Number of protein chains: 2
Amino acid sequence: MTDSDTAIGPTRPDEVEAILEVTAQAGVFDEKEVYTVRELLDGYYDDPGKSGYNFLSYREEGRVLGYACWGPRDLSGHGYDFYWLCTAIEARGKGVGRALMQHVEAEVLARNGIWIVIETSDTDPYAPARRLYERCGYQKSMLLPDFYREGDGLVTYTKRLR
Amino acid sequence: MTDSDTAIGPTRPDEVEAILEVTAQAGVFDEKEVYTVRELLDGYYDDPGKSGYNFLSYREEGRVLGYACWGPRDLSGHGYDFYWLCTAIEARGKGVGRALMQHVEAEVLARNGIWIVIETSDTDPYAPARRLYERCGYQKSMLLPDFYREGDGLVTYTKRLR
């Protein structure tokens, strides 16, 4: 019913394990990062408004092929963070990531938001993600080399929606 | 004993009200922001390691003249956020802010940190704070107009410590 047949909708409690599997299989997130996604999902189900983290699932024939996590920046009226975007390996190159990004942008606009901020890594494994952000109109706004660890810097992408 | 006679040291539980008073009197933080400082202080006393927020007080003759709040960025080995810096109105222009910043930088270096990130507002009331950051060697790395609200943008300052 409701969201179960649509391509993109709020992540359901029965999708938690699928979300974590997609995350772990992506190959770019370590154990601690996968655990962080689980914690954020827990907060989301306790109270998405209070947790500040919203999850969207991309589904096809009942399978979760990707998800996005986003939320309002604390103490900010118009700024939103795009925290996580992940597509199942077998579903890559089919527009899942782009569809999720567009859905998040629509949600942010519906809340009168102006900016979306994405923080990611400058390393090679994240190159496909960075290319997706650039194709979706995000600007590389800041680069802090070695931020995460030596040789692994922070890149901040931003997009002004209106 | 211990920290009570030194100029700068970890904020003590009996200094919470003084910290909140300095914050409220600064004139740039609204009620919600003052409340946020209280929440962060609560987390700090519960467990600074877990909360991720560290507070330092600047004291003179037993009075709190300013404070700094900083902490490690989640999932980052080398990045630290400088969350709050506040000097009592009557103590401004005496180097309290600069001394607190230098103390935070020393703490970050002691933890093998590389970057400090400061997010602030681009509005006029924050001009003295921005000048202080610039005098202390921070670079204006990103500007997102209207991020907080119309006419109130986000400015990100960064400094590479080593």
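This one's a predicted model, so the numbers in the text were calculated from it and none came from an experiment.

## Some remarks on the overall build of chain A
Helix and strand counts for chain A come out as five helices and seven strands. Helices (α) and strands (β) of chain A occur, in sequence order from the N terminus, as β-α-α-α-β-β-β-α-β-α-β-β. Relative to the compact-globule value of 15 Å for 162 residues, chain A shows a C-alpha radius of gyration of 15 Å, a close match. Every one of the 162 residues in chain A was classed for burial, and the buried ones make up 38%. At a minimum sequence separation of 6, the contacts of chain A that also span at least 24 residues come to 51%.

## Some remarks on the sheet that holds strand β3 (residues 63-72) of chain B
Two orientations exist for strands paired in a sheet by backbone hydrogen bonds: parallel and antiparallel. All names here are of chain B. The seven strands are arranged β1-β2-β3-β4-β5-β7-β6 in an open sheet whose pairing can be described as mixed. This sheet does not close on itself; its edge strands, each paired only once, are β1 (8-10) and β6 (139-149). In this sheet, adjacent strand axes meet at a mean angle of 25° when their direction is disregarded. Judged from the three bridges that link them, β1 and strand β2 (residues 54-60) form a sheet pairing that is antiparallel. Note on β2: the bridge partner recorded for proline 10 is leucine 56. Against the sheet, helix α1 (residues 16-25) engages β3 and β4 (79-87), with an angle of about 90° to β3.

## What to know about the packing of helix α1 (residues 16-25) of chain A against helix α2 (residues 31-46) of chain A
All names here are of chain A. Their axes nearest at 9 Å, the elements α1 and α2 cross at an angle of 155°. It follows from the interaxial angle that α1 and α2 lie roughly antiparallel. α1 and α2 meet at a crossing whose hand is right-handed. Residues Val16, Ile19, Leu20, Thr23 and Ala24 of α1 form the contact with α2, whose participating residues are Val34, Val37, Arg38 and Leu41. Here the residues of the contact of α1 with α2 sort into seven nonpolar, one polar and one charged.

## Observations concerning the environment of A:Val64
All names here are of chain A. As for its position among the elements, valine 64 is in strand β3 (residues 63-72). For valine 64, a count of 22 C-beta atoms within 10 Å puts it in the buried group. Through-space distance from the C-alpha of valine 64 to that of glycine 95 is 14 Å; in sequence the pair is 31 residues apart. For valine 64, the contacting residues outside a window of four places in its chain are Glu15, Ala18, Ile19, Val22, Ser57 and Arg59.

## Focus on the sheet that holds strand β1 (residues 8-10) of chain A
All names here are of chain A. Pairing within the open sheet is mixed, and its seven strands lie in the order β1-β2-β3-β4-β5-β7-β6. If you trace the sheet from one side to the other, it starts and ends with β1 and β6 (139-149), each paired once. Averaged over neighbouring strand pairs, the angle between their axes works out to 25° when direction is ignored. Relative to strand β7 (residues 152-160), strand β5 (residues 115-121) runs antiparallel, the two being bridged by seven bridges. When the bridges of β7 are listed, threonine 120 appears paired with valine 155.

## Overview of the nonpolar core
Among the nonpolar cores identified, the biggest contains 84 residues, and A:Tyr67, A:Ala68, B:Tyr67 and B:Ala68 are the most heavily contacted of them. Other than its neighbours up to four places away in sequence, B:Tyr67 contacts B:Thr11, B:Ile19, B:Val22, B:Phe55, B:Leu56, B:Ser57, B:Tyr58 and B:Cys86.

## Focus on the confidence of the model for chain A
Residue and element names in this part refer to chain A. Across chain A, the average pLDDT comes to 92, with 96% of residues at or above 70. The secondary structure element of chain A with the lowest average pLDDT is helix α3 (residues 48-51), at 78, and the one with the highest is β7, at 98. Both scores are available for the predicted complex, with the pTM at 0.90 and the ipTM at 0.88.

## Remarks on unusual backbone geometry
Residues and elements named next belong to chain B. Despite not being glycine, asparagine 112 has its phi angle at roughly 70°, a positive value. If you trace the backbone, asparagine 112 turns up in the loop between α4 (96-110) and β5 (115-121). In the Ramachandran plot, aspartate 146 falls in the positive-phi region, its phi being about 65° despite a non-glycine side chain. One can find aspartate 146 in strand β6.

## Regarding the relation of the copies chain A and chain B
One chain copy maps onto the other through a rotation about an axis and a shift parallel to that axis. Overlay of chain A on chain B (RMSD 0.0 Å): rotation 180°, translation along the axis 0.0 Å. Taken together, the rotation angle and the small translation identify this as a two-fold axis. Using C-alpha coordinates, one finds that chain A approaches the rotation axis most closely at A:Met142, a distance of 3.1 Å. The overlap is high: 100% of the interface residues of chain A also sit at the interface in chain B, so the same surface is used on both sides.

## What about the interface of chain A and chain B?
Put simply, an interface is often sized by how much accessible area is lost when its parts join up. Contacts between the two partners involve 20 residues from chain A, matched on the other side by 20 residues from chain B. For the side of chain A that touches chain B, the elements supplying multiple residues, two or more each, are α2, β6 and β7 of chain A. A total of seven residues in the side of chain A that touches chain B trace back to one element, the largest contributor, which is β6(A). Considered class by class, the residues forming the side of chain A that touches chain B number eight nonpolar, eight polar and four charged.

The rules we used
Residues numbered from 1 in each chain as written. Chains lettered and ligands numbered in written order. Predicted model: local features only at pLDDT ≥ 70, side-chain atom pairs only at ≥ 80, totals over all residues. Helix = DSSP H or I, 4+ residues; strand = E, 2+ residues; numbered from the N terminus. Rg over C-alpha atoms; globule rule 2.2 N^0.38 Å. Buried ≥ 20, exposed ≤ 12 C-beta atoms within 10 Å, placed from the backbone. Contact = placed C-beta atoms within 7 Å. Pairing = 2+ DSSP bridges. Axes fitted to C-alpha atoms, helices over the stretch in contact; angles between N-to-C directions. Parallel < 35°, antiparallel > 145°, perpendicular 65-115°, else oblique. Left-handed = near helix turned anticlockwise from the far one by under 90°. Nonpolar A, V, L, I, M, F, W, Y, C, P; charged D, E, K, R; others polar. Core = buried A, V, L, I, M, F, W, Y, C linked by C-beta atoms within 7 Å. pLDDT = per-residue confidence, 0-100. Least-squares fit on C-alpha atoms with pLDDT ≥ 70 in both.

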